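Close look at the chain arrangement
Spelled out, the chains give:
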Amino acid sequence: MKGTFVKNVQKYFTEYCNRTTFHGFQYLGEKERTLFERIWWFIVFSICLGVCITSICFVYQKWEESPVIVNFANEESPIFKIPFPAVTVCPESKSATDKFNFTKIMQKKEDGMSLTPLEETQFEYMSLICNYYSELNYTNNEMFSDDFFEFLDEVKPRFQLENCSILGYDYVCRRIFVPIITEVGVCYTFNMVDRSFIYRENVINIKNYLRVRPTSSEWSLQYGYDKDAGLSSYPLRAFLAGVKNGLQFNIRTTRQDLDYACGDSLQGYRVILHTPMTIPRPSQSYFNIPLDHAVVGGIEPVMITTSKRIKTYSPQRRKCYFEEERTLRYFKIYSSANCQLECLTNYTLSSCGCVNFFMPRENGTQICGTKNIECMYKSKRSMYLEKLRSKLENNSRFLDDCDCLPACADLAYKVELSQRNWEWNKLLHARRQLPRVGNRFRS
């Protein structure tokens with residue numbers, strides 16, 4: 001029985017060798033070939049087979065590491081399909097000095113002069129905004145009440161934007177710029193969507209901050225503008241390129257509002273360009289508008305779209321999230337920036353039992369006071385170190401909770417700046433006008 005099986009195997013092997021199209025393999029079954037020739041062709045075939053298997057393994061490993069291919073679109077997208085960037089302007093001065101003079105109160109405290117309870121409380125409020133860390137004796141408030149935001153709204157920097165124009169049409173600046181609270185205090189933003197479209201219902205909102213009309217949005221990162229969105233759609237979109245067809249405005253700055261002790265010693269304004277549904281982070285990405293300068297910014301949008309066919313891959317393999325795949329606690333819309341802000345909020349709340357004033361919060365979540373400044377700083381630093389350690393050690397616990405992958409559909413704005421000194425006083429003198437303007441920015 002065993003001999004019959006061996007003979008059948010030899011028969012079928014010889015028949016396969018005679019009929020196969022593999023070059024060299026057919027020589028193994030030919031009886032007229034010598035043993036040396038058969039061994040030689042077997043070695044050659046084995047080497048070729050090994051090379052093919054190794055190549056297939058390399059290709060498969062490369063696909064495993066990077067299953068998604070990024071390439072440039074063959075056709076350019078029309079400019080009207082991309083929203084004009086949200087423009088957030090943040091004064092370096094954090095308060096109107098006639099309502100609260102941080103430098104004056106700080107010097108009184110340094111000189112050992114007594115402060116009223118109100119001045120003491122207000123000084124601690126502003127210390128949180130001004131990033132003023134000192135060994136001066138605070139009253140050590142662990143938490144701040146909502147009176148903090150009442151004070152912040154009362155002493156916020158004056159709205160000093162003038163001569164606003166979009167696409168060559170004049171607008172009242174107060175109608176297109178709305179106040180927003182950021183990590184550097186009160187800023188003013190243009191072309192952001194209403195807060196009801198950004199935050200979930202459980203998030204506490206402050207007065208009329210980030211209130212935009214209309215309250216709905218006709219554009220999303222993943223799907224673009226709605227089909228029935230017309231010329232007056234919101235967020236606003238650009239129709240023509242060039243400086244005259246962008247956003248233009250002047251910023252008037254009075255000397256009395258300059259405060260060199262609060263925040264950075266540099267004076268002027270920070271400007272952030274971002275997508276309309278992303279909360280700006282002025283401490284991370286911005287450019288400066290110095291005083292007495294004319295600044296022109298050329299914007300180049302960078303849009304990323306993703307084929308729906310890669311939805312079959314897991315987010316960890318394709319390295320991005322589709323809009324409906326990741327649900328955030330505080331934000332309705334997923335973006336990497338919103339996710340990172342939420343992650344920092346959760347980490348701060350877990351470490352300090354409270355959150356920083358600019359972070360989203362729910363009912364019952366308290367605002368960290370001056371006693372928790374060091375805790376907030378350490379928690380932020382620890383979060384970034386733990387994130388880096390988790391990536392290096394491939395620790396999935398932290399990555400699953402806080403790994404903010406990019407959105408599969410994303411939009412960013414690159415800006416190229418040009419600036420020069422602006423002798424506005426000579427201009428107004430030549431026109432026989434009184435000095436009114438301090439800065440100018442064009443986008």
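Reading the values: rules and limits
Residues numbered from 1 in each chain as written. Predicted model: local features only at pLDDT ≥ 70, side-chain atom pairs only at ≥ 80, totals over all residues. Heavy atoms only, no water. Helix = DSSP H or I, 4+ residues; strand = E, 2+ residues; numbered from the N terminus. Contact = heavy atoms within 4.5 Å. pLDDT = per-residue confidence, 0-100. Disulfide = S-S within 2.5 Å. Buried < 20%, exposed > 50% of the residue type's maximum accessible area, 1.4 Å probe, protein only. Pairing = 2+ DSSP bridges. Axes fitted to C-alpha atoms, helices over the stretch in contact; angles between N-to-C directions. Core = buried A, V, L, I, M, F, W, Y, C linked by side-chain atoms within 4.5 Å. Phe/Tyr/Trp six-rings, centres within 6.5 Å; stacked < 30°, edge-to-face > 60°. Lys NZ or Arg CZ within 6 Å of the ring centre and 35° of its normal. Salt bridge = Lys/Arg side-chain N within 4 Å of Asp/Glu carboxyl O. Parallel < 35°, antiparallel > 145°, perpendicular 65-115°, else oblique. Left-handed = near helix turned anticlockwise from the far one by under 90°. Nonpolar A, V, L, I, M, F, W, Y, C, P; charged D, E, K, R; others polar. Patch = residues over 30% accessible without salt bridge, like charges linked within 9 Å, V, L, I, M, F, W, Y side chains within 5 Å. Areas by Shrake-Rupley, 256 points an atom, 1.4 Å probe, with all protein chains shown as cover.

Points about the overall build of the protein
Scanning the protein from terminus to terminus reveals 12 helices and 15 strands. Across the protein, contacts joining residues at least 24 apart in sequence account for 67% of those joining residues at least 6 apart.

Observations regarding the confidence of the model for the protein
Looking at the protein, pLDDT values average 82 and 86% of them are 70 or higher. Predicted confidence is poor over residues 436-443, with pLDDT under 50, and the contacts of this stretch with residues over four places away or in other chains come to 53 contacts.

With respect to the state of the cysteines
Considering all chains together, one arrives at 7 disulfides under this definition. Residue pairing for Cys 90: its cysteine sulfur links by disulfide to Cys 187, the two sulfurs lying 2.1 Å apart. Because the torsion about its S-S bond is 110°, the bridge between Cys 90 and Cys 187 counts as right-handed. You can see Cys 90 sitting in strand 1 (residues 86-91) and its partner Cys 187 sitting in strand 6 (residues 185-190), a full 97 residues away along the chain.

Looking at the pairing of strand 10 (residues 269-274)
Burial runs high along strand 10: 6 of the 6 residues are buried. Here strand 10 shows two buried faces, one formed by Tyr 269, Val 271 and Leu 273 and the other by Arg 270, Ile 272 and His 274. Here 6 bridges tie strand 1 to strand 10, and the two strands are oriented antiparallel to one another. When the sheet's bridge partners are listed, Cys 90 is paired in strand 10 with Arg 270. As judged from the 3 bridges shared by strand 10 and strand 11 (residues 287-289), these two strands associate in the antiparallel manner. The residue of strand 11 that forms the bridge with Val 271 is Phe 287.

Remarks on the sheet that holds strand 10
The 5 strands are arranged 5-6-1-10-11 in an open sheet whose pairing can be described as antiparallel. A strand with exactly one partner marks an edge of an open sheet, and here the two such strands are strand 5 (177-182) and strand 11. Mean inter-strand twist for the sheet, computed between neighbouring axes without regard to direction, equals 35°. The pairing of strand 1 with strand 6 spans 3 bridges and is antiparallel. Bridge pairing links Val 89 to Tyr 188 in strand 6.

Here's the deal with the nonpolar core
Counting 93 residues, the largest nonpolar core has Phe 102, Met 126, Phe 148, Phe 177 and Phe 357 as its most contacted members. Considering each element in turn, this core owes the most residues, 6 residues, to helix 4 (residues 117-130). Apart from the residues within four sequence positions on either side, Phe 102 is in contact with Phe 123, Met 126, Ser 127, Cys 130, Tyr 132, Asp 259, Ala 261 and Cys 262.

Comments concerning the packing of aromatic side chains
All told, the structure shown has 16 aromatic pairs when counted by the stated rule. Look at Phe 177 and Phe 249: their rings are 5.5 Å apart centre to centre, the planes differ by 75°, and that puts the pair in the edge-to-face class. Taken together, the residues Phe 177 in strand 5 and Phe 249 in strand 9 (residues 247-251) connect sequence positions 72 residues apart. Each member of the pair, Phe 177 as well as Phe 249, is classed as buried. Among the aromatic residues, those joined into a ring-pair cluster are Phe 100, Tyr 125, Phe 144, Phe 148, Phe 149, Phe 151, Phe 357 and Phe 358. Residue placement shows Arg 237 over the ring face of Tyr 225; its charged tip is 4.2 Å from the ring centre.

Notes on the pattern of salt bridges
One pass over the structure, following the stated rule, counts 17 salt bridges. With a closest N to O distance of 2.5 Å, Arg 158 and Asp 98 form a salt bridge. Here Asp 98 lies in the loop between strand 1 and helix 3 (102-110) and Arg 158 lies in the loop between helix 5 (147-155) and strand 3 (161-166), a separation of 60 residues in the sequence. Owing to a relative accessible area of 29%, Arg 158 belongs among the partly exposed residues under this scheme. You can call Asp 98 exposed: its relative accessible area is 52%. Close ionic contact of Arg 361 with Asp 146 constitutes a salt bridge, the shortest N to O distance being 2.8 Å. Residue Arg 361 is located in the loop between helix 9 (336-352) and strand 13 (367-368), and its partner Asp 146 is located in the loop between strand 2 (143-144) and helix 5; the two are separated by 215 residues in the primary sequence.

Re the packing of helix 9 against helix 10 (residues 373-393)
Between helix 9 and helix 10, the least distance of the axes is 9 Å, while the angle of their chain directions is 125°. Between helix 9 and helix 10, the angle falls in the class oblique. Note that helix 9 runs across helix 10; the crossing there is right-handed. Each of Cys 343, Leu 344, Tyr 347, Thr 348, Ser 351 and Cys 352 in helix 9 lies in contact with helix 10, whose residues at this interface are Cys 375, Met 376, Ser 379, Lys 380, Ser 382, Met 383 and Glu 386. Split by residue class, the contact of helix 9 with helix 10 holds 7 nonpolar, 4 polar and 2 charged.

Observations concerning a nonpolar patch on the surface
There is a patch of nonpolar side chains on the surface, built from Leu 35, Ile 39, Phe 42, Ile 43, Ile 47 and Val 51 and spanning about 600 Å² of accessible area. Inspection of the secondary structure assignment puts Ile 47 in helix 2 (residues 35-65).

Thoughts on unusual backbone geometry
Residue Tyr 234 is joined to Pro 235 through a cis peptide bond whose omega torsion reads 5°. The residue Pro 235 is located in the loop between strand 8 (224-225) and strand 9 in this model. For Asn 191, which is not glycine, the phi dihedral falls at a positive 70°. You can see Asn 191 is positioned in the loop between strand 6 and helix 7 (195-198).

Concerning helix 5
Of all the residues in helix 5, the buried ones are Phe 148, Phe 149, Phe 151, Leu 152, Asp 153 and Val 155. Next to the buried residues of helix 5 lie helix 4, strand 2, strand 5, strand 6 and strand 13.

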